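Observations on the three-dimensional arrangement
As a plain string of letters, each chain reads:
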Amino acid sequence: MSFTKVCTLDDVWEGEMEPFTVNGHEIVLVCAEGGEISAFQGVCPHQDIALSEGTFDGKKLICRAHLWQFDAGTGKGINPDDCALAVYPIRIDGEDILVETEGVEPLFAHS
Ligand code: FES
């Protein structure tokens, strides 16, 4: 496993999401209510729309295109519930947020 530094804790505040490209992977970092940080695929599993163009309410990411919703803690689909975002392992090292991209591929769902 080799983790890549993406940003620092100052770049993603609680209730925010930020898109990044890491080793050619489009990812979105989210800091959920309570401060838990997660890294997910940056594109919607539905039709390749950037999730960062949608909204994040601290608990759910909502795609702007057709309003699919994803749990910000697990990446699992809420509506519809038969889809999910790929989850990238993250590590916090001091102030730095690092992400492992090796072996993780975006998931795509039914349309
Ligand atoms: S492209 Fe995201 S919900 Fe359709």
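A brief report on the enclosed structure follows. (Residues numbered from 1 in each chain as written. Predicted model: local features only at pLDDT ≥ 70, side-chain atom pairs only at ≥ 80, totals over all residues. Heavy atoms only, no water.)

Our next topic: the overall build of the protein. In terms of helices and strands, the protein carries 0 helices and 11 strands. The helix and strand sequence of the protein, counted from the amino end, reads β-β-β-β-β-β-β-β-β-β-β. In terms of overall size, the protein behaves like a compact globule, its C-alpha atoms giving a radius of gyration of 13 Å where 111 residues would be expected to give roughly 13 Å. Along the first, second and third principal axes, the C-alpha set of the protein runs to 40 × 30 × 20 Å. Across the 111 residues that make up the protein, the buried fraction comes to 42%. Looking at the protein alone, contacts between residues at least 24 apart form 44% of all its contacts between residues at least 6 apart. Accessible surface, the protein as shown: approximately 5800 Å² in total, 47% of it carbon and sulfur. Across the protein, the mean location of the 6 positive side-chain charges is 4 Å away from that of the 20 negative side-chain charges. (Helix = DSSP H or I, 4+ residues; strand = E, 2+ residues; numbered from the N terminus. Rg over C-alpha atoms; globule rule 2.2 N^0.38 Å. Buried < 20%, exposed > 50% of the residue type's maximum accessible area, 1.4 Å probe, protein only. Contact = heavy atoms within 4.5 Å. Areas by Shrake-Rupley, 256 points an atom, 1.4 Å probe, with all protein chains shown as cover. Lys, Arg positive; Asp, Glu negative; His and termini not counted. Charge placed at Lys NZ, Arg CZ, Asp CG, Glu CD.)

Our next topic: the pattern of salt bridges. All chains considered together, the criterion is met by 4 salt bridges. Glu53 serves as the salt-bridge partner of Arg64, at 2.5 Å between the closest nitrogen and oxygen. With Arg64 in the loop between β6 (60-62) and β7 (69-71) and Glu53 in the loop between β4 (37-41) and β5 (55-56), this residue pair connects regions lying 11 residues apart in the sequence. By relative accessible area, which is 46% here, Arg64 ends up partly exposed. Among the salt bridges present, the one from Lys60 reaches Asp57, with a minimum N-O distance of 3.1 Å. Judged by relative accessible area, Lys60 falls into the partly exposed class, the value being 24%. (Salt bridge = Lys/Arg side-chain N within 4 Å of Asp/Glu carboxyl O.)

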